[in-house]
Amino acid sequence: MLIRFASLLLLVTLAGCATKAPLVVVDDLTPKEQPLAEDFKVTYEKGLVLLQDGEYDEAVIFWKALSDSHPHLPGVWTNYGLALYHTGEYQASLDALAYVDGINAKLEAQLGAAKQQVLSAAVVSDSDLTPEELNAEPPAIEEGTDVALDEEAVQAANSTAVSKPIMLQPYCPVHGVRALPQRELGLFTAAEKSYKAAIACNSTDAKAHYNLGILFDLYRNDLVSALAEYKQARVLMGDDKTLDVWIADLERRSGIEEGKE
Amino acid sequence: MKFFLSLVMIAATLINSGCSLFSRGDQTVRMSDITSLKIRMVSNEAPDVSHDDVVRYYQAYLAVATDPEMRVRVAHRIAGLKLQSDEIRMERMTDDEAVLAEDQILAKASIDDYENLLKAFPDRVDNDAIYYQLAKAYSLAGQPYQAISVLEELVKHYPRSIYYLEAQFRLGQLLYAAGDYEMSEAAYQALMTAGPAANRFYRDAEYLRGWSIFKQARYEESLLAFMRMLDEHFPDEATLEAVQGGDLDLLNDTLRIMAIMFDYLGGWNQIARFFDEHGARYYEYKLYSQLADQYYEKKYYKSAASTLRAYVERYPDSDRAPSYYERLITGYETAGYPELLRKHKEIYNERFGIGTPYWEAHDVKVRAKITVALSKYIWDLATFSHGWAQVAKKRSEKEQGFNEAARWYSEYIRSFPKAADTVKAHFLLAEISFELERYDNARNNYEIVAYQYPFYEGAAEAGYAALLAYAKYTPAPDHELEWRQLNVASAKRFVTEFPDDPRRGTVLVNTAETLLKDKYYEQALSTARLSQQTGVELSPRYRYGASLVQGHSSFELDFYDEAEISLLSASTYEKLSRKERADLRQKAAAAIYKQGEQAKNDSPQQAVDHWLRLAEVVPESTLKVNAEYDAATLLMDMQNYDRAENVLLKFRQEYPDHKLTKDIPSKLIVAYEGKGEWRKAAFELMTLSNVAKEEDERRIACFQSAEYFEKANDLDNAIVMYKRYAHTYKTPFDPAVEAHYKLDQIYALQGDEEKRRFWLDKIIRLHRNGKNQQTERSRYLASSAAFQLAEFDRVAFEKIKLTLPLAKSIVRKNEPMQRALKRYTQAVEMKVLEFTTPATFHIADMYAQMSKALMTSEKPKGMDEVEAEEYQYLLEDQAFPLDEAAIDIHQTNIRRTYDGLYDEWVKKSFSSLSELMPGQYNKPEKVTTYVDQIR
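Quick look at the structure, then.

On to the overall build of chain A, then. The helix and strand inventory of chain A stands at 11 helices and 2 strands. When the helices and strands of chain A are read in sequence order from the N terminus, they spell out β-β-α-α-α-α-α-α-α-α-α-α-α. Nonlocal contacts in chain A, meaning residues at least 24 apart in sequence, comprise 59% of its contacts between residues at least 6 apart. With the model as given, the accessible surface of chain A reaches about 14000 Å², and the carbon-plus-sulfur share is 53%.

As C-alpha cells, this is what we get:
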C-alpha cells in the first residue's frame, strides 16, 4: 500500500547576492517506507499466536519485549495493549496504545512536511509568482535566466528534505482496540471517540460499529444511536441473529418500531 | 716746665682740700686726673742743643757786642735759655731736694736777669716776653704771687701780646691755686672773651672757669658753665661716643663735678629740675649715671636707686632705661635688701617685660638686653616664692607663696617659651599647681613637660604625675566625662611615649577602668588587654582590675568567651567580698550562656556544649537551669533526639518542681517522635493529657497519645486513650468522630464485631446529632459505618440457608436482610459515592439472592409431581417480586453510568442484569483476538 508521490523539482533560490543567477535543484522526495527485516515478521506472528491461544500473561511479556526493541512499529504496541486489556490492565493497555498515537502523529507531520515541499516546488517551478509571494527572501527570477547547479544549494536542500517514514499512512487498528479499555475504565466519551476514529479510518470496520452500538445501548442510554450502529454492523457483518434480536428489542424500547408502524 | 708743674701741684692741693668729701676709697681726687692739661702743655722747643753751650755763646757775644738792641735780645735769650735749662733739670730731678734748691737758685738768677732787663729797658715793646719769662722764672723759683703779679702786668700792658692768652691762662691757674677763685674765674672769663678762634686755652678755660665758680659755691652757675662747655664741645651723642684720651678725662671730670653739684643742690631731682629750666640735654643720662655711681661709692644705695629711677621716670622710653633699672636692682642686691630687690625685679618685669608697651616699642637689640636680666629676675622671683612656700608653716603663707611662685613660673613660661629652662618652669609650675590642688593646671603643665619635652630628664615623671593629677581632680559634674577622656588620652600617651616605664601596666589598668566607667567598652577592652601585655608584672590589685575591665568590656562587646575567662580570673582576687565574687562568677556564667546564644545559629552543637558546661564551670549559677533547658530545646531543633532525651530526662530529675519542667513532656514527645519511639511519646502525651493546664491541651494530648499508642501497635492502650477521648470530648466534632472511627478500626483489626457494631452505630448517631457540625468527613464515616453494619448483616444473611420449615427459616434469613437493607439504605441516603454503588448493588443482590434462595430452598419431601409443580409456582410467585426489585435496583445502579459513574459495583450490577435480563443486558463487545497489521 505504498503511495508514491510524483517526483518533484525543488527550486532553491539563494538569498542575498543579486549578481548570482538563481539556482534550480532537482531531487526525488518521494516518501518511502523503511524496509522490515524478514525474520521480524516471523517473530511478530509468534506473538499473535500467543494472543490467539489466550496466553495473555505470556503475550504481555512478549509484546513488552518487542515494543522495547521495535518501538517504532504500531502493530507491536497495539498487540501489547490488547494483551494488557485481556489481563485486565486497562490503564497500562491505554498507555501502550498511546505510543501508536504518537507514531501516527509523527507520520502525519512527516507527510505534511513532504506535502509542503511538494507544494513549494510546484509554486516555484511555475515561476508565475513574485518572490514576495514565495514567503521567502530570494531575488526575483527573470524569465529565460539560465539555471546552474550549485553544490551549497544542493546541501541546503537535502538538509530540509523529509526523513524516510516508517509507514506511509496512519495506523488504523489501534482505535478499535483502544476503545475497549476505555470503556472498561468508564471513559465512555473517549471510547466513543475511538470507535468513531476506527470507523473513520476504516468505514467497513463492522466490529467498531457493533461495539459502538453496545456503548450507546448500555452505557450511554442512547438507544437511537445504538440502533443505527447495530444496523450498520448488521449491514457489514451479513446475517447475525443476535443483532437482529438486539435491533428488534431496541426498536421496541426506543419506540422506533412504533414509529414505523 | 717746672713752672707749670708747680701750678698743677698748687691746684691739686687746693682742690684736694676743697673736695675731700669726694674721696674714692683709697684714691684721692686730684687735679691730675684731668690729664689733658699735661698733654696739652708739651713744649715746642728743640731739645738737642746744650743749653750751657748756647748760653756761653750768647755770653761771649755780649762781651763783645755793642749794639744795645742786640745786647737786650741776647740777654733775653740767655735768660730764656737758662730758664729753659732749669725747667728741664727740674723735670728730671724733681725728687732731689738738693737739685731742687739749686734749680731755685738758678731760677732766681734768671729772675734777676729779667728784672735787670726790665729796669734797663722799661719801655721796650717786646718786654711782654720778658714779663712772660719772668713769671715763669718766679714760678720755677716757687714764688707764685710774684709770678701772678708779673702776669697781671703782662696782661695789663700787653693785651695784644702773643703771650696774652697763655698769660691769662697761667694767671687763672695761679689764682685758682692761690685760692683766689673769683680772680681765677675772671682770668678764665678773659680767655673765653677772647673767643675760641686761635685760642688753644679756650676749652680749658671754660672747664676751669666752671671749677672756679664751683669753688665759690655758686653751683647753679658752675653747672651752667660746665653745661656750656659740654654743649660747645660735645654737641651730640656721636662726639660723646667718640671721645677718648684726655678729652675723655675732661668729660668724665666735668660729669663728676656736675654730679657732685647736683647732689649739693638736693640730689637726683635737681638734674631734672636743672635741665627743665635750661633745656634738656642728651647727656643727662651721664649725669644720672655719674650721680648714682657717686652714691654707690658712698653706699647710699637707696639714693643711687632713686637717681637711676629718676632717670627712668624722666626718660621711660629710653633705650638705657632697662640697664639703669638693672643697675638699681644690682645695687639692692649688693646692698642686701631682699625685699626691695624682689620688688624692683617685679617692677622691672612690669615696666620692661615681654609684651609691655616698652617691649613692644623697642627693637631686638634692646629686647635682647632686657631678656638676659628679665629671665634671671623672673626665675629668681619664682624660685624665691617657691622656696618660701616650701618652708612656710602656715597654710595661708604656704598657699600665698605657691601662688606667687606659680605666677612667676607662668610669667617665665609666657615670657620665655623657648628658653632652655622653660620646661623646668612648667614642671615646677605643675608641682605647685598640684600642691595648690589645681589639678587641671598641674596635669596641663605636667603633660607639657612630658610630651613637649620628651628628652627632658623628668619627662616620664611628669607624664606619670599628670595622671596622678587626673586622678586627684574632681571636675564639675558636667565635665566629668570630658575629664576622663582627657585622662585616658594622657594615659595612652604616657604608655606610648614611655614604653619602658615600669608604671605603664598600672597606668593602663587605671585607664581601662576609667574607660569602662564611661562605657567605652572597645577602648576599655583594648587597654585592659594591653595592660597585661606590657611585660610588667602587675600587682594582684591591678591584675584584678585588668581582668575586671576585660571581663565587663568584652561582655558588653559580645566577646563572651573572653568575658568568661576574664571574669573568672577577676573572681579569684582575694580581697573580694563574698557578694562581689558571687556576682563575678554569676556574670561569667552569663558569658557562658551568651556564648551558647552566639553559637546557636551557626554551630548549634557548640551552643549545646556551652550551655551544658555552664553547670560544671559555675555550679552555683542560677542560669544553669535555663542553659540546660535551652540546650535541650536546641537539641530538639537539631533533631538530636538521643541527646535531647538525656538532657530533658536529667532536667526533670534534677528540677522536678521548676516551672520549665512542665514543658519537658512536650519536648520529650517531640524527641520521641523524632526517634520514632511512639510508645514513649504516647506515655508522655498521656501524662500531658492529665497535667496540662489548658483543657484543650489535655484533649489534644489525649488524642495524640491514642494515636501514638496505635502507631506503636499498643492497641490496648490506644483503645483506652481513644475511648477516654470519645467519652470525654464530644466537641470539637471532627476529632470526636475520628476517635470513634479509630476505635472501630482497632476493633476491626482485633476482629471484635460486637465492639465494632457499638462504635459504628455511635459514629452514625454522632453524625446525625452533629447537625450543623456535620462535615464531609463525618458524612463519609457515617456512611461507611452504615455500610459496614449492613455488611455484617448481609454476611449473616448469606449464611442462612432456607430450609424446612421454610416459614421459620425465611423469617430467620429475612431479619438480617432487613437490617442490612436498612443500613445500606442509610448508607445510600448519606450520598457518599464510595458506598452508594456497592450499597445499591448489595440491596439489589440481596433481593436476587433471596429470590434464588427461595427457588433453591429445601423442598418438602413427599410431594407428587403436581404438588411439586404447584409448590414451584408458589415459590416463583414469591421470588418474582424479589427479582423485579433486584432488577429495578440494579438498573438504578447502572443508570449512574449515564452520569459518567462507572465502578466495579456498577459493573457488577451490569453483570447481574446480564443474568437477570440477558436479552437486554448480556451484550459483550466483540474483541479483536489479535492485530496482524504491523504498521
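Still to come is the rest of the account.
Right, let's talk about the overall build of chain B for a bit. Across its full length, chain B carries 45 helices and 0 strands. The buried share of chain B, taken over its 935 residues, is 49%. Carbon and sulfur atoms make up 51% of the accessible area of chain B, which totals about 46000 Å².

Turning our attention to the nonpolar core. Residue and element names in this part refer to chain B. Formed by 116 residues in total, the largest nonpolar core has its most connected members in Tyr348 and Tyr409. In terms of residues, this core owes the most to one element, helix 20 (residues 364–391), which gives 10 residues. If sequence neighbours within four positions are ignored, Tyr409 has contacts with Trp379, Ala382, Thr383, His386, Ala425, Leu428, Leu429 and Ile432. Counting residues in each nonpolar core, the second largest holds 55 residues, with Ala644, Tyr655, Tyr672 and Leu743 among its members.

Between B:Thr731 and B:Pro732 the backbone carries a cis peptide bond, its omega angle lying at -5°. Mapped onto the fold, B:Pro732 is located in the loop between helix 37 (715–728) and helix 38 (733–750). Residue B:Pro805 is reached from B:Leu804 by a cis peptide bond, and omega for that bond is -10°. Within the element layout of this structure, B:Pro805 appears in the loop between helix 40 (776–799) and helix 41 (806–829). A positive phi angle, close to 55°, is found at A:Asn221, a residue other than glycine. Mapping A:Asn221 onto the fold places it in the loop between helix 8 (206–219) and helix 9 (223–237). Using a relative accessible area of 42% as the deciding quantity, one classes A:Asn221 as partly exposed. Phi is positive for B:Asn713, close to 65°, though the residue is something other than glycine. Within the secondary structure, B:Asn713 is located in the loop between helix 36 (695–711) and helix 37. We classify B:Asn713 as exposed; its relative accessible area is 59%.

Before going further, it helps to spend a moment on the side chain of B:Ser566. Residue and element names in this part refer to chain B. With respect to the helices and strands, the residue Ser566 is situated in helix 29 (residues 560–570). Assessed through its relative accessible area of 5%, Ser566 is described here as buried. Among residues more than four places away in sequence, those in contact with Ser566 are Ser547, Gln550 and Gly551.

Below, the discussion takes up the interface of chain B and chain A. With 22 residues of chain B in contact, the opposing surface of chain A contributes 47 residues. Between chain B and chain A, roughly 3000 Å² of surface is buried when both sides are summed, and carbon and sulfur atoms account for 60% of that area. Of all residues in chain B, B:Lys923, B:Ile934 and B:Arg935 bury the most surface against chain A, accounting for 28% of the area lost on that side. The tally of links from chain B across to chain A stands at 3 salt bridges. Residue A:Glu184 is joined to B:Lys907 by a salt bridge in which the shortest nitrogen-to-oxygen separation is 2.9 Å.

Our focus in this paragraph is helix 31 (residues 604–617) of chain B. All names here are of chain B. For helix 31, which comprises 14 residues, the first-to-last C-alpha distance of 20 Å matches the rise-based estimate of 20 Å (1.5 Å per residue) to within 8%. Turning to helix 31, its buried residues are Ala607, Val608, His610, Trp611, Leu614 and Ala615. Check the buried side of helix 31 and you find it contacts helix 30 (578–599), helix 32 (623–637) and helix 33 (641–654).

This part takes up the packing of helix 7 (residues 144–157) of chain B against helix 8 (residues 164–177) of chain B. Residues and elements named next belong to chain B. Put simply, helix 7 and helix 8 touch, their axes get as near as 9 Å, and they point 145° apart. Here helix 7 runs over helix 8; the crossing is left-handed. Residues Pro144, Ala147, Ile148, Leu151, Glu152, Leu154 and Val155 of helix 7 form the contact with helix 8, whose participating residues are Tyr164, Ala167, Gln168, Arg170, Leu171, Leu174 and Leu175. Taken together, the residues that form the contact of helix 7 with helix 8 break down as 11 nonpolar, 1 polar and 2 charged.

Turning next to the environment of A:Arg183. Following the sequence through the fold, A:Arg183 ends up in helix 6 (residues 173–184). What makes A:Arg183 buried here is its relative accessible area of 6%. If sequence neighbours within four positions are ignored, A:Arg183 has contacts with A:Phe188, A:Ala191, A:Leu215, A:Tyr219, B:Tyr902 and B:Glu925. Of note is the side chain of A:Arg183, whose polar atom sits 2.6 Å from the side chain of B:Tyr902.

We now examine the packing of helix 2 (residues 56–69) of chain A against helix 3 (residues 74–86) of chain A. Residues and elements named next belong to chain A. Between helix 2 and helix 3, the least distance of the axes is 8 Å, while the angle of their chain directions is 150°. If you check the angle between helix 2 and helix 3, you find them roughly antiparallel. In terms of crossing hand, the pair formed by helix 2 and helix 3 is left-handed. Along its contact with helix 2, which presents Tyr56, Ala59, Val60, Trp63, Lys64, Leu66 and Ser67, the element helix 3 presents Val76, Trp77, Asn79, Tyr80, Ala83, Leu84 and His86. By residue class, the composition of the contact of helix 2 with helix 3 is 10 nonpolar, 3 polar and 1 charged.

What counts and what doesn't
Residues numbered from 1 in each chain as written. Chains lettered and ligands numbered in written order. Predicted model: local features only at pLDDT ≥ 70, side-chain atom pairs only at ≥ 80, totals over all residues. Heavy atoms only, no water. Helix = DSSP H or I, 4+ residues; strand = E, 2+ residues; numbered from the N terminus. Contact = heavy atoms within 4.5 Å. Areas by Shrake-Rupley, 256 points an atom, 1.4 Å probe, with all protein chains shown as cover. Buried < 20%, exposed > 50% of the residue type's maximum accessible area, 1.4 Å probe, protein only. Core = buried A, V, L, I, M, F, W, Y, C linked by side-chain atoms within 4.5 Å. Buried area = accessible area lost by both parts, 1.4 Å probe. Salt bridge = Lys/Arg side-chain N within 4 Å of Asp/Glu carboxyl O. Expected span 1.5 Å × (residues − 1). Axes fitted to C-alpha atoms, helices over the stretch in contact; angles between N-to-C directions. Left-handed = near helix turned anticlockwise from the far one by under 90°. Nonpolar A, V, L, I, M, F, W, Y, C, P; charged D, E, K, R; others polar. Polar contact = N/O pair within 3.5 Å; in protein donor to acceptor, adjacent residues only side chain to side chain. Parallel < 35°, antiparallel > 145°, perpendicular 65-115°, else oblique.

Shape is all these values report; function is a separate question.
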